[in-house]
Amino acid sequence: MLKNYPKEVRDRIEKIEKLRDMGHNPYPDKVERSHKIQEFVIQTDFDKIDNEAVVNKPASDVSLVGRIMFFRDFGKLAFAKIQDDTAAVQICFKKDVLGEQSYKLAVKLYDLGDFVAVKGQGFTTNKGEHSLMVAEHMIACKAIKPL
């Protein structure tokens, strides 16, 4: 039956099965969100944040939910842009912070169009972009069809 679907759709369905095999629900009933993205960006005083401390050990004081619109993996660090109905923000997945399994889950099983719930702490990247360093993450809704 799956062979009638395009390869990208078949790959995403396989990722759903992998998530389930790992004990993750690709369609949870609810997820936690403390801020909409625009609130997070406006309310966070990025100038007062110790970026080095956040990059090495972020707190889980902010919970955001958004759709992945961009994803780039650099091996031990991955960047994504998530968007909700108010704004978009960059999020960072760091292998040293998340651990091997959690990092691999994000970079191997998340796709453009997926909704994710992330917890972490705000910081500013070396290039000056306001971002969230992810301390915890989960799939909120796995997209079967690409954007």
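Residues numbered from 1 in each chain as written. Predicted model: local features only at pLDDT ≥ 70, side-chain atom pairs only at ≥ 80, totals over all residues. Heavy atoms only, no water.

Draft legend 1. Structural detail: the packing of helix H1 (residues 7-21) against helix H5 (residues 100-109). H5 packs onto H1 with a crossing angle of 165 degrees between their chain directions and a minimal axis gap of 11 Å. Between H1 and H5, the interaxial angle falls into the category roughly antiparallel. Viewed along their axes, H1 and H5 form a crossing whose handedness is left-handed. Residues Lys15, Lys18 and Leu19 of H1 touch H5, and the partners they reach there are Leu105, Lys108 and Leu109. Across the contact of H1 with H5, the residue classes tally to three nonpolar, no polar and three charged. (Axes fitted to C-alpha atoms, helices over the stretch in contact; angles between N-to-C directions. Helix = DSSP H or I, 4+ residues; strand = E, 2+ residues; numbered from the N terminus. Parallel < 35°, antiparallel > 145°, perpendicular 65-115°, else oblique. Left-handed = near helix turned anticlockwise from the far one by under 90°. Contact = heavy atoms within 4.5 Å. Nonpolar A, V, L, I, M, F, W, Y, C, P; charged D, E, K, R; others polar.)

Draft legend 2. Local environment of H1. With 15 residues, H1 extends 21 Å between its outermost C-alpha atoms, agreeing within 8% with the 21 Å of an ideal straight helix rising 1.5 Å per residue. Every buried residue belonging to H1 is among Val9, Arg12, Ile13, Lys15, Ile16 and Leu19, and all of these are buried. Across the axial projection of H1, the buried residues extend over an arc of 155 degrees, all falling on one side. Opposite the packed face of H1, turned more than 90 degrees from it, sit the exposed residues Lys7 and Asp21. Structurally, H1 contributes buried residues whose contacts are with H5 and strand E5 (130-141). Positive phi shows up at Gly23, right after H1, with a value of about 90 degrees. (Expected span 1.5 Å × (residues − 1). Buried < 20%, exposed > 50% of the residue type's maximum accessible area, 1.4 Å probe, protein only. Arc of directions from axis to C-beta.)

Draft legend 3. Looking closely at the pattern of salt bridges. Counting across every chain of the model gives 11 salt bridges. The closest approach of N and O atoms between Arg12 and Glu8, which form a salt bridge, is 3.6 Å. With a gap of four residues between them, Arg12 and Glu8 both fall in helix H1, about one helical turn apart. Accessibility expressed as a relative area gives 4% for Arg12, which makes it buried. Since its relative accessible area comes to 42%, Glu8 is described here as partly exposed. As a salt-bridge pair, Lys142 and Asp114 come within 2.7 Å of each other at their nearest N and O atoms. Placement of the pair is Lys142 in the segment after E5 and Asp114 in the loop between H5 and strand E4 (115-124), with a sequence separation of 28 residues. Take Lys142 and Asp114: they sit in the same class, and that class is buried. In this structure, a network of salt bridges that share partners links the residues Lys15, Asp111, Asp114 and Lys142. (Salt bridge = Lys/Arg side-chain N within 4 Å of Asp/Glu carboxyl O.)

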